[in-house]
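A structural walkthrough
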Amino acid sequence: MEDFVLTALAEELKPQLVGYSLEAVHQIGMTEFIFSVARGAGRVTRLLVSLDQSGPRIYRVGADWRSDSPPQETSFSARLMNALADHEVVSLEKLPFDRVLKISWVNPFQRELGASSLYIELISQGPNVFLVDCAGIVQEAFHSDFDRKRALTLNALYGHRPQPLKLDPRACTEMEFYEAMGDMGRPCAVWLKALTTAFLGVSPTLAKEAVFRAGEDRRLLFRSFREVIVEGYEQSPHPCLFVAPGLTEDLGEERLSSRNMLVSTIAVRHLSAWRADPFPTVNDAVRVYYERLAEERAYRALRLQLLPPLSRQRAKLERLLAHFTASRADFNASEILRIKGELLLANLHRLRSQWHIDPRGEPLTITLENYYETPPSAVEVTVDPKVSLQANADRYFKQYRKAKRGWQILEKKIPATHSQLKRLSEAAEAIGKAKTLPALQAVAATCRWEKPIRRQRIEIRKSKRKVEEIAVRRFVTSDTLEVLVGHTARENDELTFRVAAPHDVWMHTADYPGSHVVIRNPKKSSVPERSIREAAQIAAYYSQARNNGKVTVHHTLRKFVHKPRHAAHGLVTLSQFKSITVAPKKTITPAEPT
């Protein structure tokens, strides 16, 4: 979210929050919260706060808003309620040129005690929520691992994020502006970088707009820059949602993303080719923007859930039909078995005088005249001298009947296979035509997958297995605690539910797939913070977030980890947990094999 948009949103939310009392705090999923505040009868405001690293956000939602995940009371939301229940909001402010909102609360019956503050940091590198008392001391935090540059810990003084050494764009003079910009004879692309690196709160969008309005005349850049800053921070907002051309309800091949959709409170002239949808409030524009992105993510996830298994099943059926075709050729070739048996019986009177049963004899080849062809031709028949000619003929008839029975079974399967393949092809075509989430959900509801397309659950034995029987990675922390790391999803389940003890520490990356990590705690004592950090770095390293700079890792005791019924391997739920943000790396050495 742009800094100037968040500034306008905060100003818009003030009258809808100030004077309201906190009624409830609920957590939605892993990183979202709903704050319900009320004032008088029927005047309720619900504020959504998301700490998702992919897009931290805040906006007001209506009473009819529903989430895919049910609201739940977690340890953090319960602590917030204990501290702020029935407290009133006395102020809401956005820290200048920073994506941090400060909401101050007081107890209306104990105003002399001062106000507590809720700092909501909507920073993509590490979004967090801090509860700070009237003395500025941190009482609670959503992520227990804080920014080390500020040395934030519980019961420590809250410090604002340090601002970079940049100029205030609202107060700089023309001389200061051009001094900060440097050589103005450089190309316009260099101006863009200079604007974003020299001035606080100037995003690429604002920089592009200023350069676009100035054109090629460098003397007009300061005037256009001041014009954009005044529109963004000082004038009344005009919220619009800009959508790239070609993106309609039927999205085609190109899908919605943060790259082709923008919410703004100023006229973005350099995007004149984009469609601009006006909104009555900034909150509405922000809400629709994030709801569309969430719908697009859900669309992609559902499509990914449907198409790969469908494609695999179609390929399997096509291979099966190819096998049926080969089986037909084999059956046609088996007709000669019946002919050989009948030829043996037809020549039985002629061959019987020459036939002697030899228990130790090797197979013989005799040549007979095939009367089933015109003109008759010679055919070689292999016979076993250990049995009679009648028995040899019976063997050929038996092989023929077996081939015939097999083909009769296949003949019944071929139409069903064609029908199933047709249904899968129609489903794939319908999924390809469904360009929106409701349309795709409708297709998914009407699809009736065949049994092979479902993932077959494999029951795991209830007996507890030894650690040595499971392929886990082993490490030892600086406090000599053993750390076990799973490999596959199935082995993650084994490690968590068959090996780990209830008081072992369990951890996993917050927003990315990865290995389950267990810190062995045989003494059932408190695990040192250093060991938790080292194991969290291992968990981040063995996840899909390995290349990220900072990764959030959830950790809890194993007894708070649960397996939903019929859930896929590796999928768990946590009844309570804490979080820590670390850099992915292996800071501890692997354990020696036992």
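Below you will find a few notes about this structure.

Cut-offs and rules
Residues numbered from 1 in each chain as written. Predicted model: local features only at pLDDT ≥ 70, side-chain atom pairs only at ≥ 80, totals over all residues. Heavy atoms only, no water. Helix = DSSP H or I, 4+ residues; strand = E, 2+ residues; numbered from the N terminus. Buried < 20%, exposed > 50% of the residue type's maximum accessible area, 1.4 Å probe, protein only. Polar contact = N/O pair within 3.5 Å; in protein donor to acceptor, adjacent residues only side chain to side chain. Contact = heavy atoms within 4.5 Å. Pairing = 2+ DSSP bridges. Salt bridge = Lys/Arg side-chain N within 4 Å of Asp/Glu carboxyl O. Axes fitted to C-alpha atoms, helices over the stretch in contact; angles between N-to-C directions. Parallel < 35°, antiparallel > 145°, perpendicular 65-115°, else oblique. Left-handed = near helix turned anticlockwise from the far one by under 90°. Nonpolar A, V, L, I, M, F, W, Y, C, P; charged D, E, K, R; others polar. Phe/Tyr/Trp six-rings, centres within 6.5 Å; stacked < 30°, edge-to-face > 60°. Lys NZ or Arg CZ within 6 Å of the ring centre and 35° of its normal. Patch = residues over 30% accessible without salt bridge, like charges linked within 9 Å, V, L, I, M, F, W, Y side chains within 5 Å. Areas by Shrake-Rupley, 256 points an atom, 1.4 Å probe, with all protein chains shown as cover. Lys, Arg positive; Asp, Glu negative; His and termini not counted. Charge placed at Lys NZ, Arg CZ, Asp CG, Glu CD. Core = buried A, V, L, I, M, F, W, Y, C linked by side-chain atoms within 4.5 Å. Arc of directions from axis to C-beta.

1. Thoughts on the side chain of Asn392
Residue position: Asn392 is located in helix H9 (residues 389–433). When its relative accessible area of 3% is taken as the criterion, Asn392 is described as buried. For Asn392, the side chain forms a polar contact with the main-chain nitrogen of Asp384, separated by 2.7 Å. Not counting residues within four places of it along the chain, the set of residues in contact with Asn392 comprises Leu344, Trp355, Val383, Asp384 and Val387.

2. What about the pairing of strand S23 (residues 578–582)?
Of all five residues in S23, four are buried, a share of seventy percent or more. Sheet topology places strand S20 (residues 551–557) next to S23; five bridges connect them, and they run antiparallel. Bridge pairing links Val551 to Val582 in S23.

3. What about the pattern of salt bridges?
This model, assessed by the stated rule, comprises 22 salt bridges. Here Asp384 and Arg395 are joined by a salt bridge, their closest N and O atoms 3.1 Å apart. One end of the pair, Asp384, is in the loop between strand S15 (377–383) and H9; the other, Arg395, is in helix H9, with eleven residues separating them in the sequence. Owing to a relative accessible area of 15%, Asp384 belongs among the buried residues under this scheme.

4. Observations concerning the packing of helix H5 (residues 204–214) against helix H6 (residues 221–233)
Running from N to C, H5 and H6 cross one another at 135°; their axes reach a closest spacing of 8 Å. In this view, H5 runs oblique relative to H6, as classed from their interaxial angle. For the pair H5 and H6, the crossing hand works out as right-handed. Where H5 abuts H6, its residues Leu206, Glu209, Ala210, Val211, Arg213 and Ala214 lie against Leu221, Ser224, Phe225, Glu227, Val228, Ile229, Glu231 and Tyr233. Of the residues that constitute the contact of H5 with H6, the class distribution is nine nonpolar, one polar and four charged.

5. Brief notes about the packing of aromatic side chains
Taken as a whole and assessed by the stated rule, the structure comprises 15 aromatic pairs. We note Arg338 situated over the ring of Tyr400; from NZ or CZ to the ring centre the distance is 6.0 Å.

6. Side note on the sheet that holds strand S13 (residues 275–278)
One open sheet accounts for three strands, arranged S12-S11-S13; its pairing is antiparallel. If you trace the sheet from one side to the other, it starts and ends with strand S12 (261–264) and S13, each paired once. The mean inter-strand angle of the sheet, taken between neighbouring strand axes irrespective of direction, is 20°. Two elements, strand S11 (residues 240–243) and S12, share four bridges in a ladder whose sense is antiparallel. The partner of Cys240 across the bridge, within S12, is Ser264.

7. Some thoughts on the sheet that holds S20
Strand order in this open sheet of six strands is S16-S17-S19-S18-S20-S23, and the pairing throughout is antiparallel. Each edge of the open sheet carries a strand with a single partner, namely strand S16 (473–476) and S23. Taking the axes of each pair of neighbouring strands and ignoring which way they run, one obtains an average angle of 25° across the sheet. Across the sheet, helix H12 (residues 529–541) is in contact with S16, strand S17 (482–485), strand S18 (505–509), strand S19 (517–519), S20 and S23; its angle to S23 comes to roughly 70°.

8. Some thoughts on a positive patch on the surface
Judged by side-chain charge, Lys398, Arg401, Lys402 and Arg405 come together as a positively charged surface patch. You can see Lys398 is positioned in helix H9.

9. A short note on the environment of Pro528
Within the fold, Pro528 resides in the loop between S19 and H12. Sequence separation between Pro528 and Leu481 is 47 residues, and the spatial gap between their C-alpha atoms is 9.5 Å. Those residues within four positions of Pro528 in sequence are excluded, and the remaining contacts are Asp479 and Leu481.

10. A short note on the nonpolar core
What tends to happen in soluble globular proteins is that the nonpolar side chains get buried as a cluster. Residues Phe35, Ile58, Leu118, Phe177, Leu195 and Phe199 are the most contacted members of the largest nonpolar core, which totals 79 residues. It is helix H1 (residues 3–17) that contributes the most residues to this core, eight residues altogether. Among residues more than four places away in sequence, those in contact with Leu195 are Phe177, Met181, Val202, Ala207, Ala210, Val211 and Phe225. Membership of the second largest hydrophobic core comes to 22 residues, among which are Val483, Val505, Val517 and Val582.

11. Some words on helix H10 (residues 437–446)
Listed in full, the buried residues belonging to H10 are Leu437, Leu440 and Val443. Here the buried residues of H10 occupy an arc of 125° about the axis, which is enough to place them on one side. Opposite the buried face of H10, at more than 90 degrees from it, the exposed residues are Pro438, Ala445 and Thr446.

12. Structural notes on the environment of Ala416
Position of Ala416 relative to the elements: it lies in helix H9. Considering only alpha carbons, one finds Ala416 and Glu2, 414 residues apart in sequence, at a separation of 57 Å.

13. Some points on the pairing of strand S8 (residues 116–121)
Extensive coverage of S8 is indicated by the burial of six of its six residues. The two faces of S8 match: Ser116, Leu118 and Ile120 on one face and Ser117, Tyr119 and Glu121 on the other face are all buried. Sheet topology places strand S7 (residues 100–106) next to S8; six bridges connect them, and they run antiparallel. Its bridge partner being in S8, Ser104 is matched across the sheet by Ser117. Pairing analysis gives five bridges linking S8 to strand S9 (residues 128–132), with the strands arranged antiparallel. Within the sheet, the bridge partner assigned to Glu121 lies in S9 and is Asn128. Linking S8 back to S9 in an antiparallel pair, the connection comprises six residues.

14. Points about the side chain of Thr417
Position of Thr417 relative to the elements: it lies in helix H9. With a relative accessible area of 6%, Thr417 lands in the buried category. Among all residues touching Thr417, those that are not within four sequence positions of it are Leu317, Leu320, Leu321 and Phe324.

15. Side note on helix H11 (residues 489–499)
Since there are 3.6 residues in each turn of an α-helix, residues three or four apart along the chain are aligned in direction. Counted residue by residue, H11 has nine buried out of eleven residues, so it is predominantly covered. Packed against the buried residues of H11 are S17, S18, S19 and strand S21 (561–562).

16. Quick word on the packing of helix H3 (residues 174–181) against H6
At a minimum axis distance of 10 Å, the contact between H3 and H6 shows a crossing angle of 105°. Classified by the angle their axes make, H3 and H6 are roughly perpendicular. Of H6, the residues touching H3 (which contributes Glu174, Phe177, Tyr178 and Met181) are Leu221, Phe222 and Phe225. Here the residues of the contact of H3 with H6 are counted per class, giving six nonpolar, no polar and one charged.

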